[in-house]
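Chain by chain, the residues:
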Amino acid sequence: MVNITQDFVSRGAKNRPGYTMTPAFITVHNTGNSSAGADAAGHAAFIKSPGAGTTSWHFTVDDHQIIQHIPTNENAWHAGDGANGPGNRTSIGIEICENSDGNLAQAEANAIDLIIDLMKQYNIPLTNVVPHQHWTGKYCPHLILPRWDAFIASIAKRQQEREIADKLATVPDWAKDSVKKLVAKSALSDFSGDTTFYRLIVLMDRLGLIA
Ligand SMILES: [Zn+2]
């Protein structure tokens, strides 16, 4: 998973309003900037420049890094639904880069991992992961909206993969391959057990009962 670099907009800047926020939603955007170099670093420089005006968001994700611009317990102005709008006041804004010199699929994969981490951290359900369009009708994230349902499905799939990987990490190395075979057959969802349990699984595998 990609590291997050914190590079916050200065306190008191026009685009760091500083209202306390308890995140209840995650709003997904595309930057709308396909220029070469319009990656996370480029946006981190932009959001701290006068050109950003009052606009802000929490994270920019590209194909190799994530930069956080605003703390997640403060609001940002990214949803376009007004000073008291739930988009602006209760949602974490994530901008996914679309720079022509970047790998869009990788940027989206990095964003999905970030979304999963934030959902877990703030107990946000997948139904509260929304496109910018949800708040104002704006056609954003323009590259993802045509396949929004598939994007949400890929978050759920990745979430499941990560849960399985976390659980597999607790299985002794000598039993992992056999346990993985059972998981692949959807024959085992709870892999917690003692040595005897794992030895039986390996034994079944050796007898050819699993493959
Ligand atoms: Zn947007």
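From a predicted model like this one, the values you see are computed outputs, not experimental measurements. (Residues numbered from 1 in each chain as written. Predicted model: local features only at pLDDT ≥ 70, side-chain atom pairs only at ≥ 80, totals over all residues. Heavy atoms only, no water.)

Remarks on the coordination of the zinc ion
And then number 1: At this site the zinc ion is bound by His29 (ND1), His132 (ND1) and Cys140 (SG), with donor distances of 2.1 to 2.3 Å.
And then number 2: Written as a sequence motif, the donor arrangement for the zinc ion is H-x102-H-x7-C.
And then number 3: Residue Cys140 is classed as buried on the basis of its relative accessible area of 5%. (Donors = N, O, S within 2.8 Å, 3.2 Å for Na, K, Ca; no water. Buried < 20%, exposed > 50% of the residue type's maximum accessible area, 1.4 Å probe, protein only.)

Focus on the domain arrangement of the protein chain
Interfaces are frequently sized by the accessible area removed from exposure as the parts join.
And then number 1: For the protein chain, the domain assignment lists domain 1 (4-164) and domain 2 (170-206).
And then number 2: Computed from C-alpha atoms alone, the centre-to-centre distance between domain 1 and domain 2 is 39 Å. (Domains from an automatic or database assignment.)

Observations concerning the nonpolar core
And then number 1: Core analysis: the largest hydrophobic core is formed by 24 residues, its most contacted members being Ile94, Ile115, Phe151 and Ile155.
And then number 2: Within the residue set of this core, elements represented by two or more residues are strand S2 (25-30), strand S3 (59-61), strand S5 (91-96), helix H3 (104-122) and helix H5 (148-168).
And then number 3: Tallying contributions element by element places H3 first for this core, with eight residues.
And then number 4: Residues Leu168, Leu188, Ile201 and Val202 belong to the second largest nonpolar core, which totals 12 residues. (Core = buried A, V, L, I, M, F, W, Y, C linked by side-chain atoms within 4.5 Å. Helix = DSSP H or I, 4+ residues; strand = E, 2+ residues; numbered from the N terminus.)

Thoughts on the pattern of salt bridges
And then number 1: Applying the stated criterion across every chain yields a total of 11 salt bridges.
And then number 2: Among the salt bridges present, the one from Arg158 reaches Asp113, with a minimum N-O distance of 2.9 Å. Within this pair, whereas Arg158 is found in helix H5, its partner Asp113 is found in helix H3, the two being separated by 45 residues in sequence.
And then number 3: The partner of Lys181 in a salt bridge is Asp205, and the shortest N-O contact between them spans 2.9 Å. With a gap of 24 residues between them, Lys181 in helix H6 (residues 173-184) and Asp205 in helix H7 (residues 195-206) connect regions that are remote in the sequence.
And then number 4: Among the charged side chains, a salt-bridge network with shared partners connects Asp113, Asp117, Lys157, Arg158, Glu161 and Arg162. (Salt bridge = Lys/Arg side-chain N within 4 Å of Asp/Glu carboxyl O.)

A closer look at unusual backbone geometry
And then number 1: With an omega of 0 degrees, the peptide bond between Cys140 and Pro141 qualifies as cis.
And then number 2: Note that Pro141 resides in the loop between helix H4 (133-136) and H5.
And then number 3: If you check the backbone angles, Asn123 has positive phi at about 55 degrees while not being a glycine.
And then number 4: With relative accessibility at 69%, the residue Asn123 sits in the exposed group.
And then number 5: Within the chain, Ser186 stands out as a residue other than glycine whose phi angle is a positive 55 degrees.
And then number 6: Here Ser186 is to be found in the loop between H6 and H7.
And then number 7: Judged by its relative accessible area of 69%, Ser186 falls in the exposed class.

Section: the packing of aromatic side chains
And then number 1: Applying the stated criterion to the full structure yields four aromatic pairs.
And then number 2: Between Trp148 and Phe151, the ring centres sit 5.4 Å apart and the planes meet at 35 degrees, which makes this aromatic pair tilted. Remark: Phe151 and Trp148 occur in helix H5; sequence separation between them is three residues, near one turn of the helix. The pair Trp148 / Phe151 is uniform in exposure class, with both members buried. (Phe/Tyr/Trp six-rings, centres within 6.5 Å; stacked < 30°, edge-to-face > 60°.)

What about the pairing of S2?
And then number 1: Of all six residues making up S2, six are buried, and the element is well covered by its neighbours.
And then number 2: Where burial is concerned, the two faces of S2 agree: the one with Phe25, Thr27 and His29 and the one with Ile26, Val28 and Asn30 are both buried.
And then number 3: Here six bridges tie S2 to S5, and the two strands are oriented parallel to one another. Its bridge partner lying in S5, Val28 is registered against Ile94.
And then number 4: Examined bridge by bridge, S2 and strand S6 (residues 129-131) share three bridges and lie parallel to one another. Within S6, the residue paired with Thr27 across the bridge is Val130. (Pairing = 2+ DSSP bridges.)

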